[in-house]
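Examination of the molecular architecture
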Amino acid sequence: MKGSIYEVMAVIGQAIINNKQLLTDLDAAIGDGDHGINMARGFEAVGAKLQSLEPDKDIGTILKTVGMTLITSVGGASGPLYGTAFLRAANLGLGRYELDKEIAANMLAVAITGIKERGKATRGEKTMLDVLEPAYDAFVEAAGAQKSLIECLESACESARLGVEFTKTIVATKGRASYLGERSIGHQDPGATSSYIMLQTLLEYIRC
Amino acid sequence: MKKVINVAEHVVEEMLQGMALAHPQYLRRVEGFDVLVRVNSPVGGKVGVVSGGGSGHEPAHAGFVGRGMLDGAIAGAVFTSPTPDQVYEAIKAVDSGGGVLLIIKNYSGDVMNFEMAIEMASAEGITVDKVIVDDDVAVENSTWTIGRRGIAGTVFVHKITGAKAETGAVLPEVKRVAEKVIANVRSMGMALDSCTVPAAGKPSFILEENEIEIGMGIHGEPGTHRESISTADEITTHLVNKILADMPLSSGEEVAVMVNGLGATTLMELYVVNRKVADLLGNKGVKITKTYVGNYMTSLEMAGFSVSVLKLDSELKELLFAQADTPALVQF
């Protein structure tokens, strides 16, 4: 396992940029068709911002930079939601240069709480929470069973993948997709998809 | 995609430059931000009134910046809410000490970004409050959605709230009036054809040759249903009946009407629509005190229109008729 948080964020950003069209197409089907465009714009700004940082910064500083940059460059609903998530996680990373299972789980927990507060949403409403909460639950369960960090992340990603599939089966009650009512069934949620892409990219990065 | 643009990513920036150059007597750019404010901002002795949202709705929102309407407007990316730092800059630029009222259209992104800006401004000691416009009767207001959308009726909120602020009223009073407008305005739209977001490069949705969408939102969000195109009178009757079902009007009541073009629909057609709106309301004995026909809250080059009806009392009527001097609306 390798890796600075700096590299992790660069790789995650690139994955989002690579999936710009997919995310935009998913959003066009049930929302206003800008999720990929906005997220790609945000992570391009993140990339530029991280390059201007000294590479020896602690995890908290890097995540705070990511959060603030997303908040000031993405717009829409995803900017405040992802931005808040990274800012909350950053608080637990101040002064740290390494992550263990416990801190990683706590970061995910406070990020999820931030998203819930900002978006006034709960699980089951066809949002990114339908990916992030099951992922967190699976991570904590695996950690409790004394699995390694990679095994915990593998469990989290599998639950996240199922979470994306689950969003196809439910009606949206948050965001613009909520106006579709029953017509939103059958479509996977773009925000849930971008959350899954981030987790999966993190796993693949740590694996290799 | 066929558009008069240079680079898709520069559309908003170049539009803002063009607006500031076109209307120097009204508008000033807040340097480094996608914010246009009244040229003499902050205007002393009054509450600042700020609105904004995604671009692509021109003349909204910056077109309504001027005396008697808005103090500032923030332009997000096309159809995308502006970010909190941009809204915060607008708040700072227009606050003269009396506080600022934000007029937000009811979309998840807009509400979240504007609320974060309120938190930032409050931390700096600026008093900021907000109202959320949700005039679109096409979508159900239930626990299963995020509530109704804000569409063209927002322009009435800009007009009347701005007029109230111009009188020197304090922030709670300005907010009270804004909420009164929101409680008494209803809108519904329809689309004949789609629009193309420059950065997307292809139409947001597809309507067949003879197909229209009833209840279409101003970002191409789905409406209530699709149907075959019928006559102007039939379509207008459907929209007005939906509005009246939600806000019953009785004989003798006074209203203001807005027939708003979404971008690609001719004034000729909008006047045809207005004739039917007047007919329908007149038959109910409702008195139309003031009518606006034109492009006020567009949706890029979408073809279609919306109808807004605002129920007036003496207070709202007086403020609606008050003077306004802005790039897109002048009333004397």
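Residues numbered from 1 in each chain as written. Chains lettered and ligands numbered in written order. Predicted model: local features only at pLDDT ≥ 70, side-chain atom pairs only at ≥ 80, totals over all residues.

1. Some remarks on the sheet that holds strand E7 (residues 185-193) of chain B
Residues and elements named next belong to chain B. Cut-off, in case you're wondering: Paired strands are those between which DSSP finds at least two bridges. Numbering goes from the N terminus for both helices and strands, where a helix is a DSSP run of H or I of at least four residues and a strand is a run of E of at least two. Angles run from 0 to 180 degrees between N-to-C directions of axes, and those axes are lines fitted to C-alpha atoms, restricted for helices to the stretch in contact.
Pairing in this open sheet of six strands is mixed, and the strands run E9-E8-E7-E12-E10-E11 from one edge to the other. Edge strands, defined here as strands with exactly one partner in the open sheet, are strand E9 (225-228) and strand E11 (287-294). Neighbouring strand axes in the sheet, compared pairwise and without regard to direction, differ in orientation by 20° on average. Across eight bridges, strand E10 (residues 254-261) lies against strand E12 (residues 303-312) in antiparallel orientation.

2. A few points about unusual backbone geometry
Cut-off, in case you're wondering: Exposed residues have 12 or fewer other C-beta atoms within 10 Å of their own C-beta, buried residues have 20 or more, and residues in between are partly exposed; the C-beta atoms are placed from the backbone.
For the bond from Ser41 of chain B to Pro42 of chain B, the omega torsion is -10°, close enough to zero to count as cis. Checked against the element boundaries, Pro42 of chain B lands in the loop between strand E2 (35-38) and strand E3 (48-55). Pro59 of chain B follows Glu58 of chain B through a cis peptide bond whose omega is 10°. Among the secondary structure elements, Pro59 of chain B is positioned in the loop between E3 and strand E4 (72-78). The phi dihedral of Lys120 of chain A falls on the positive side, at around 50°, and the residue is not glycine. Within the fold, Lys120 of chain A resides in the loop between helix H6 (101-119) and helix H7 (129-144). The exposure class assigned to Lys120 of chain A is exposed, which follows from the 12 C-beta atoms found within 10 Å.

3. What about the sheet that holds E2 of chain B?
All names here are of chain B. Quick note on the threshold: Contact between residues is assigned whenever the C-beta positions, reconstructed from backbone atoms, fall within 7 Å.
A sheet is described by the order of its strands in space; here six strands give the open sequence E1-E2-E4-E3-E5-E6, paired in mixed fashion. Pairing within the sheet leaves two strands with one partner each, and these edge strands are strand E1 (27-29) and strand E6 (128-133). Taking each pair of neighbouring strands and ignoring which way they run, the sheet shows an average axis angle of 25°. Relative to E2, E1 is paired through three bridges, and the arrangement is antiparallel. Its bridge partner lying in E2, Leu27 is registered against Arg38. Sheet strands touched by helix H5 (residues 171-184): strand E5 (100-105) and E6. Its angle to E6, the strand with the most contacts, is close to 5°.

4. Quick notes on the environment of Gly72 of chain B
All names here are of chain B. Its place among the elements puts Gly72 in strand E4. Under the C-beta neighbour-count criterion, Gly72 is labelled buried, with 31 such atoms within 10 Å. The contact partners of Gly72, leaving out residues within four places of it in the chain, are Val35, Leu36, Val37, Ser41, Gly48, Val50, Val65, Ala90, Ala93 and Val94.

5. Observations regarding the interface of chain B and chain A
Each partner contributes to the interface: chain B provides 27 residues, whereas chain A provides 26 residues. Within the residue set of the side of chain B that touches chain A, elements represented by two or more residues are E4, helix H2 (84-94) and helix H3 (108-123) of chain B. Counting residues per element, the side of chain B that touches chain A draws most heavily on H3 of chain B, which supplies five residues.

6. Some remarks on the nonpolar core
Residues and elements named next belong to chain B. Here is the rule we go by: The term nonpolar core refers to a group of buried residues, namely Ala, Val, Leu, Ile, Met, Phe, Trp, Tyr and Cys, whose C-beta atoms join them within 7 Å. Bear in mind that the domain bounds are from an automatic or database domain assignment.
Within the largest apolar cluster, 169 residues are counted, with the highest numbers of intra-cluster contacts made by Val65, Ile91 and Val181. Counting residues domain by domain, this core receives three or more from each of domain 1 (8-183) and domain 2 (185-320). Discounting residues that sit within four places of it in the chain, Val65 has contacts with Tyr26, Leu27, Leu36, Val37, Arg38, Leu70, Asp71, Gly72, Ala73 and Thr326.

7. Some details on the pairing of strand E8 (residues 211-214) of chain B
All names here are of chain B. The pairing of E7 with E8 spans two bridges and is classified as antiparallel. Across the sheet, residue Ala191 finds its bridge partner in E8, namely Glu213. Sheet analysis places E8 next to E9, joined by four bridges and oriented antiparallel. Bridged to Glu213 within E9 is Arg226.

8. Observations regarding the domain arrangement of chain B
Residue and element names in this part refer to chain B. Domain annotation of chain B identifies domain 1 (8-183) and domain 2 (185-320). Domain 1 and domain 2 are separated by 22 Å when their C-alpha centres are compared. Taken residue by residue, the interface counts 29 residues in domain 1 and 31 residues in domain 2. Where the side of domain 1 that touches domain 2 is concerned, the elements lending two or more residues are helix H4 (154-166) and H5.

9. Details of the packing of helix H3 (residues 35-51) of chain A against helix H4 (residues 59-73) of chain A
Helix-helix packing: each pair is described by the crossing angle between the helix axes and the interaxial distance. Residue and element names in this part refer to chain A. Quick note on the threshold: Note on terminology: angles under 35 degrees are roughly parallel, angles over 145 are roughly antiparallel, angles of 65 to 115 are roughly perpendicular, and the others are oblique. A clockwise turn of the near helix away from the far one marks a right-handed crossing, whereas an anticlockwise turn of less than a right angle marks a left-handed crossing.
Remark: H3 packs on H4, axes separated minimally by 9 Å, with the N-to-C direction vectors making an angle of 135°. Relative to H4, H3 is oriented oblique. Taken as a pair, H3 and H4 cross one another with a handedness that is right-handed. On the side of H3, the interface is formed by Arg41, Gly42, Ala45, Val46, Lys49 and Leu50, while H4 contributes Thr65, Val66, Thr69, Leu70 and Ser73.

10. Overview of helix H6 (residues 232-246) of chain B
Residue and element names in this part refer to chain B. Keep this limit in mind: Multiplying 1.5 Å by the helix residue count minus one yields the expected span of that helix. Taken from the helix axis, the directions to the C-beta atoms give the arc we talk about.
For H6, built from 15 residues, the straight-helix expectation of 21 Å at 1.5 Å per residue is met to within 8% by its first-to-last C-alpha distance of 22 Å. Residues of H6 that are buried: Ile235, Thr236, Leu239, Val240 and Ile243. Taken down its axis, H6 places every buried residue within 120° of arc, on the same side. The exposed residues of H6 that point more than 90 degrees off its buried face are Glu234, Asn241 and Ala245. Residues of H6 that are buried make contact with E7, helix H7 (267-283) and E12.

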